[in-house]
Structure formats: structure tokens, C-alpha cells
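Per-entry structural report
These are the residues of each chain, in order.
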Amino acid sequence: MSLIPDTCIEYNDKRSICTAKEKGKVYVLENEAGCLVKKVKIDGCAITAGAGTKKCDYLFSASKDNKEQVFLVELKGSDTVQAIRQIGDSMRILSAELNKCRIMARVVGSKRFPEVERTVAYRRLAAKILSTGGNIKIATNKFYKDII
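Read on for an overview of the structure. (Residues numbered from 1 in each chain as written. Predicted model: local features only at pLDDT ≥ 70, side-chain atom pairs only at ≥ 80, totals over all residues. Heavy atoms only, no water.)

Looking now at the overall build of the protein. Tallying secondary structure elements over the protein gives three helices and nine strands in all. Listed by position from the N terminus, the elements making up the protein come as β-β-β-β-β-β-α-α-β-α-β-β. Relative to the 2.2 N^0.38 estimate, which gives 15 Å for 148 residues, the radius of gyration of the protein is 14 Å and therefore close to what a compact globule would have. Overall, the C-alpha framework of the protein stretches about 40 × 30 × 30 Å when taken along its three principal axes. Taken across its 148 residues, the protein has 47% of its residues classed as buried. Excluding contacts between residues fewer than 6 apart, the proportion of contacts in the protein whose partners are at least 24 apart in sequence is 66%. Surface accessibility of the protein: about 7700 Å² in total, with carbon and sulfur atoms responsible for 48%. (Helix = DSSP H or I, 4+ residues; strand = E, 2+ residues; numbered from the N terminus. Rg over C-alpha atoms; globule rule 2.2 N^0.38 Å. Buried < 20%, exposed > 50% of the residue type's maximum accessible area, 1.4 Å probe, protein only. Contact = heavy atoms within 4.5 Å. Areas by Shrake-Rupley, 256 points an atom, 1.4 Å probe, with all protein chains shown as cover.)

What follows is the structure in C-alpha cells.
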């Protein structure tokens, strides 16, 4: 049983270009491999937990040959430490859903918090994500693209 309500799934198909846009920030997942890609609205839809709970904006899952990787995307202004916390909390809440997935964290913003990699929030998230075979990428030019 999925923790993600069907109403939060924007699409689940093999489209070649998958995007998330918000306040001038853009994340693009280019699907060269022809994977089945699911785009899920997380904040305010799939995760509606209390006001203190941090949530990332979107989740993209890409499946091919029974292998799944998940991209947790936060489109943010300048508070990259907060964005890292949002992705971490989303991972924790959706842990049963993400259990066997390779997890990729993506922050797309306009500015970068100096030395974000030295913060406790970043180090905790990195340890969790690296254990899945994934990685964290932070883009500060308001645009980021992954190719699968």
C-alpha cells in the first residue's frame, strides 16, 4: 500500500522531459532512458503533517527494470540549510515508501548558504542518502537538470 495519495500524483508515464517550477526556480529531469517517471507534489499534498514538519516540494521516481531511484526536490530562495532539513524530514516521513530506492536530493535556489556542507543537517542527510547509493546536489543558478 502506498503512502502517497493518487490525488498528489501529477503524472506517471514515460515522458522525456519532467519539470518542477516554482517562483523562478526550475528542476528538470530528462528521461533519455525511457523510464516510467512519477511526479508527486509533496508539500501540502502527500505530506500534510503539522506546521512544524518540514517538507520538500516534489518527488520524482524513475523506474526501469525493477530498479527505482527517487529525486527529492526542494525549490528554495536562499536558505539552503532549511531546504536540506525539508528533504531530510520528507525522507523520514516517507521512509517506508523509499525503503529500497536510490535517493537523490536536489536543492534549486538563488543563493547558497556558505559552507552548508559543514552543517549538522547536511551531514545527517548525506549519511542517509549516501547509504542508498544516491547523492546531494545544490544548484544556485535557479536551474538544475538531471539526465537518466
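Moving on to helix H3 (residues 120-130). Along H3, the residues that are buried comprise Ala121, Tyr122, Leu125, Ala126 and Ile129. The arc that holds the buried residues of H3, viewed along the axis, is 125°, so those residues lie on one side. As for H3, its buried residues are in contact with helix H1 (80-93), strand S7 (102-108) and strand S8 (136-139). (Arc of directions from axis to C-beta.)

Summarising the element assignment, Gln86 is placed in helix H1. A polar side-chain atom of Gln86 sits 2.8 Å from the main-chain carbonyl oxygen of Lys55. Apart from the residues lying within four places of it in its own chain, the contact partners of Gln86 are Lys54, Lys55, Cys56, Glu74 and Lys76. (Polar contact = N/O pair within 3.5 Å; in protein donor to acceptor, adjacent residues only side chain to side chain.)

Before going further, it helps to examine the state of the cysteines. Here, disulfide denotes a covalent bond that connects the sulfur atoms of two cysteines. As enumerated under the stated definition, the model contains one disulfide in all. Linked covalently through their sulfurs, Cys8 and Cys45 form a disulfide whose S-S length is 2.0 Å. The S-S bond linking Cys8 to Cys45 shows a torsion near -95°; that makes this disulfide left-handed. Note that Cys8 is positioned in the segment before strand S1 (9-13) and Cys45 in the loop between strand S4 (36-41) and strand S5 (58-64), a separation of 37 residues in sequence. A relative accessible area of 2% places Cys8 in the buried class. The closest cysteine sulfur to the non-disulfide-bonded Cys35 is located on Cys18, 9.5 Å from its own sulfur. (Disulfide = S-S within 2.5 Å.)

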